Amino acid sequence: MIDALFAAVAGLGFAYASSPPAKTLAFSALIAAISHASRFLILQVQILNITVATLIASFLAGILGMFFAKRLKVPAEIIAFPALLPMVPGIYAYKSILALFSFIKSDDASEKMNLLIIFFDNALTTAGVAIAMGVGVSITLLLFYEQSLMITRGARCDIKTRKEVR
């Protein structure tokens, strides 16, 4: 629950930073909480690795984004993409850069070999998770392509005030 709460706060912050309609902010936070908590639970079961768990969670975020976008008459990307950002693998990226700098600084050949292994392990995990996030949410948008184009049909908005016009 704590993991979901922090993911919701991060999702809300990322959503707010991109200036979407105010009615979508709570839904971005909710999707962030659900998708991040689902990834956390999948990892706790220890059947799948972080990359596959992220793929499943980002697919879930895309499905929920489509569901809420249809109800709110906004593009699904506005809701789903900010919800993915709490799943960015920052610790793996940090560890890979740290190992790279330690590798450059080190003079011992065996230590360099260990640091190189740590670098590639963390860098490949970072890349895999980042790709899984993009693919997971994109699969949803591709599967429901026709629906995603029709979601905003009938919704009118004043560009200057960003308020719905009836």
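Residues numbered from 1 in each chain as written. Predicted model: local features only at pLDDT ≥ 70, side-chain atom pairs only at ≥ 80, totals over all residues. Heavy atoms only, no water.

Asks: How would you summarise the nonpolar core if you had to cite specific residues and measurements?
Replies: Membership of the largest hydrophobic core comes to 21 residues, with the highest contact counts inside it found for I31, I79 and L84. Breaking this core down by element, the ones donating at least two residues are α2 (25–45), α3 (50–72), α4 (76–84) and α6 (109–143). A total of eight residues in this core trace back to one element, the largest contributor, which is α3. (Core = buried A, V, L, I, M, F, W, Y, C linked by side-chain atoms within 4.5 Å. Buried < 20%, exposed > 50% of the residue type's maximum accessible area, 1.4 Å probe, protein only. Helix = DSSP H or I, 4+ residues; strand = E, 2+ residues; numbered from the N terminus.)

Asks: Talk me through a nonpolar patch on the surface; I want residue IDs and the actual numbers.
Replies: On the surface, a cluster of nonpolar side chains totalling about 630 Å² of accessible area is made up of L55, F59, I63, I131, V135, I139, L143 and F144. If you list the elements that add at least two residues to the nonpolar patch, you get α3 and α6. Per-element accounting of the nonpolar patch gives the leading share, four residues, to α6. Relative to the helices and strands, L143 is located in helix α6. (Patch = residues over 30% accessible without salt bridge, like charges linked within 9 Å, V, L, I, M, F, W, Y side chains within 5 Å. Areas by Shrake-Rupley, 256 points an atom, 1.4 Å probe, with all protein chains shown as cover. Salt bridge = Lys/Arg side-chain N within 4 Å of Asp/Glu carboxyl O.)

Asks: Can you break down the packing of α3 against α4 residue by residue, with the values?
Replies: Where α3 meets α4, the closest approach of the two axes is 7 Å, and the angle between their N-to-C directions is 145°. In this structure, the crossing between α3 and α4 has a hand that is right-handed. Touching S58, A61, G62, G65, M66, F68, A69 and L72 of α3 are A76, I79, A80 and L84, all from α4. When grouped by side-chain class, the residues that make up the contact of α3 with α4 number nine nonpolar, three polar and no charged. (Axes fitted to C-alpha atoms, helices over the stretch in contact; angles between N-to-C directions. Left-handed = near helix turned anticlockwise from the far one by under 90°. Contact = heavy atoms within 4.5 Å. Nonpolar A, V, L, I, M, F, W, Y, C, P; charged D, E, K, R; others polar.)

Asks: Describe the environment of A76, and please don't skip the residues or the numbers.
Replies: Mapped onto the secondary structure, A76 falls in helix α4. When its relative accessible area of 3% is taken as the criterion, A76 is described as buried. Sequence-wise, A76 and L141 are 65 residues apart; in three dimensions their C-alpha atoms are separated by 8.1 Å. Excluding its chain neighbours within four sequence positions, the residues that come into contact with A76 are G65, M66, A69 and L141.

Asks: I'd like a rundown of unusual backbone geometry, residues and numbers included.
Replies: Within the chain, Q46 stands out as a residue other than glycine whose phi angle is a positive 65°. Phi at K73 takes a positive value of approximately 60°, unusual for a residue other than glycine.

Asks: Go over the packing of aromatic side chains, please, and point to the residues and values.
Replies: Counted by the stated rule, this structure contains three aromatic pairs. Among the aromatic side chains, those forming a connected cluster through ring pairs are F27, F67 and F68. Stacked on the ring of F103, the Lys or Arg K112 has its end atom at 4.5 Å from the ring centre. (Phe/Tyr/Trp six-rings, centres within 6.5 Å; stacked < 30°, edge-to-face > 60°. Lys NZ or Arg CZ within 6 Å of the ring centre and 35° of its normal.)

Asks: Kindly report on the environment of I104, identifying the contributing residues and their values.
Replies: On the secondary structure map, I104 appears in helix α5 (residues 90–105). Among the residues examined, I104 registers a relative accessible area of 56% and is labelled exposed. Separated by 11 residues in the primary sequence, I104 and L115 have C-alpha atoms spaced 9.4 Å apart.

Asks: A description of helix α1 (residues 2–17) should follow, citing residues and the corresponding values.
Replies: The end-to-end C-alpha distance of α1, which contains 16 residues, comes to 23 Å, matching closely the 22 Å that a straight helix rising 1.5 Å per residue would cover. Among the residues of α1, those classed as buried are A4, A7, A8, G11 and A15. End-on, the buried residues of α1 take up no more than an arc of 105°, which puts them together on one face. More than 90 degrees from the buried face of α1, the exposed residues found are I2, L5, F6, V9, Y16 and A17. As for α1, its buried residues are in contact with α2 and α4. Phi turns positive, to about 55°, at S19, one or two residues after α1. (Expected span 1.5 Å × (residues − 1). Arc of directions from axis to C-beta.)

Asks: So what's going on with the packing of α4 against α6? Which residues, and what values?
Replies: Between α4 and α6, the least distance of the axes is 11 Å, while the angle of their chain directions is 160°. For the element pair α4 / α6, the angle class is roughly antiparallel. Crossing handedness for the pair α4 and α6: right-handed. Facing α4, whose interface residues are A76, E77, A80, F81 and L84, α6 presents M133, V137 and L141. In the contact of α4 with α6, the residues fall into seven nonpolar, no polar and one charged. (Parallel < 35°, antiparallel > 145°, perpendicular 65-115°, else oblique.)

Shape descriptors only; they carry no functional weight alone.
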